[in-house]
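Examining the three-dimensional arrangement
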Amino acid sequence: MHLVTQTIVNYIEQTDVSNREDLLSVARIAFLDYLASLAPAESEQAVQDLARFIGADQNITVNQDKTANVDGHDSYLTVRRADKALYYGFASHYLDFDDAQANLAGHFSTVLYSALLAVLEPTDRWHDFLRAYIIGAELEGIIGSLINPAHRTQGWHSTGTVGVIGAAAAIGALRGLRGESLAQLLSLAATQSAGMFFQSGTDGKPLHAGLAARNGVWAYELLQHTSIQTSTKPFDPERGWFKTIGNITVTSNDIVSRWLAPGQLIDPGLWMKVHPYCSAAICGAEATETVAHRIYTSSSYVSKHYNVSPDAEEQGKRRLCAPLISSLWDDIDRVTVHFPPSADAALRYTSPSTGREGQFSIEYVVYQVLAYGAVQDELFKIDTIDQSVRDYMNRIERVYDLPKVSQTERITTVTVTLKNGETFTETVNNPKGSPQNPLNLEDIRIKLGLTLKADQIDRIIEAFTNTDRVEPFLQTLRGEGVLHV
């Protein structure tokens, strides 16, 4: 085992987060957000098809005395642990509702929590579960900071390529692997690194998350239950993962100088979503909402559409009802979305043809806000975007005239020019859900409320708060109809 791998192994073995409540609190919210992202996807046809494909029964009665067999199956299911991880990862990323992180340029929780849930034992406690997540996230974020933006620009999807390594690290931390056993797990995971961004806008993208989680679990099961031996030098400077994937040389100091300083969950932190579209569009969406409200309450708009000059109180009323009465597009000449150079790389569709493609299109997101006053989640599920909508999107232009920002920053300006010549502009860099303006527990409750009733959410939150072990909480989840597999 060479120095870089040894350094990573040492950190996985030795990292203590007992006094890092800042990290643990983020990890807790991230897990609830993960569940809030997974739950609505379980009713999607593709997710249900995958459940059937792996042999899961959608109407499972949970055995309170679950044990795991050495062949990788759980006794109350006929589903292998690796396939459970595949399902959880695919489902939790399917709607693109899950968190993202700037250094990784991808998604942490969908892979890490999916892998950890699949290898969970009945006696595992929350502290160990969350510690394992923090370790996996830390390694993924550090790797991302070393290989991006080149890795992303080359077309790799780091949720898959880096996620499998993070999954292995988290599994190794939870299951207490040490030394060469841990190095071999990282090695077998690293050699399965895969995922390309041309899959965005299709079911192939969430499949990356599922495959990364599955491959991490599969690597663990294989090494635990066979005599197979692998390399213990996955991060060898000359021929290891960093050299092969990124053609870069990484030293142990690159890891040491970054590890929990202060931590990838804190800086740059997680982006969490209130709507199911790419996080690269969140700033633009919020800026457009602000602009739309200003237009609705502007004296010229109100005078034209209502033939009155309302006072401030009446303007507020008009603003609230206007989205239900009239689309702004009748009055809009053009829209300009301003980005820093290359900041829209993940938003690859300028004229999407399906709702899935629209999740990766600032044009489709901006269109919705100006047509309805807010993003309409159901529009991301439609099979074909109408030509009239695409005609509206043709009035939206991207320009790259904002100053270049660091990999961990996001900023977007939206300018709407009306047919009467009036111009409205707004800039946003810390929208709701950003690390500087994070979702709180009440926000997560609202997100869970898209799928669950208030009393179900109450029971879930109570179980999450008042159990020492993870398994009783999962039993509560399954009782409420979440985590079907």
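Structure: above.
The structure displayed is predicted, hence computed values, not measured ones. (Residues numbered from 1 in each chain as written. Predicted model: local features only at pLDDT ≥ 70, side-chain atom pairs only at ≥ 80, totals over all residues. Heavy atoms only, no water.)

**Regarding the pairing of strand β5 (residues 412–418)**
Across a regular strand the side chains alternate sides, sitting on one face of the sheet and then on the other. Within β5, seven of the seven residues are buried, leaving the element largely enclosed by the surrounding structure. Here β5 shows two buried faces, one formed by T412, V414, V416 and L418 and the other by T413, T415 and T417. Here six bridges tie strand β3 (residues 332–338) to β5, and the two strands are oriented antiparallel to one another. Paired with I332 across the bridge in β5 is L418. Sheet topology note: the β5/strand β6 (residues 423–428) ladder contains six bridges and is antiparallel. Among the inter-strand pairings, T415 is bridged to a residue of β6, identified as T425. With antiparallel pairing between neighbouring strands as the criterion, β5 and β6 make up a hairpin whose turn holds four residues, including G421 at a positive phi of roughly 95 degrees. (Buried < 20%, exposed > 50% of the residue type's maximum accessible area, 1.4 Å probe, protein only. Helix = DSSP H or I, 4+ residues; strand = E, 2+ residues; numbered from the N terminus. Pairing = 2+ DSSP bridges.)

**Some details on the pattern of salt bridges**
A side chain with one charge may pair with a side chain of the opposite charge, provided their charged atoms come close. For the coordinates displayed, the defined rule picks out 24 salt bridges. Residue K381 is joined to E44 by a salt bridge in which the shortest nitrogen-to-oxygen separation is 3.0 Å. Residue K381 is found in the loop between α19 (362–372) and α20 (387–393), and its partner E44 is found in the loop between α2 (21–38) and α3 (45–53); the two are separated by 337 residues along the sequence. Judged by relative accessible area, which is 15%, E44 ranks as buried. With a shortest N-O distance of 2.8 Å, D124 and R175 are connected by a salt bridge. Here D124, found in the loop between α5 (109–118) and α6 (126–147), pairs with R175, found in helix α9 (residues 163–175); they are 51 residues apart in sequence, far enough to count as distant. Judged by relative accessible area, D124 falls into the buried class, the value being 6%. Among the ionic contacts, a cluster of salt bridges with common partners joins E44, E378 and K381. (Salt bridge = Lys/Arg side-chain N within 4 Å of Asp/Glu carboxyl O.)

**Thoughts on the packing of α3 against helix α4 (residues 81–94)**
Running from N to C, α3 and α4 cross one another at 180 degrees; their axes reach a closest spacing of 10 Å. As summarised for this structure, α3 and α4 are arranged roughly antiparallel, according to the angle between their axes. Contacts between α3 and α4 involve A46, V47, L50 and A51 from the first element and L86, Y87, F90, A91 and Y94 from the second. (Axes fitted to C-alpha atoms, helices over the stretch in contact; angles between N-to-C directions. Parallel < 35°, antiparallel > 145°, perpendicular 65-115°, else oblique. Contact = heavy atoms within 4.5 Å.)

**What about unusual backbone geometry?**
Following A261, the chain continues into P262 via a peptide bond in cis, with omega recorded as 0 degrees. Positionally, P262 belongs in the loop between α13 (252–256) and α14 (265–269). Look at the link from D267 to P268: it is a cis peptide, with omega at 15 degrees. As for its position among the elements, P268 is in helix α14. Phi at D96 takes a positive value of approximately 55 degrees, unusual for a residue other than glycine. Structurally, D96 is set in the loop between α4 and β1 (100–101). Residues other than glycine seldom take positive phi values, yet L260 does so here, at roughly 50 degrees.

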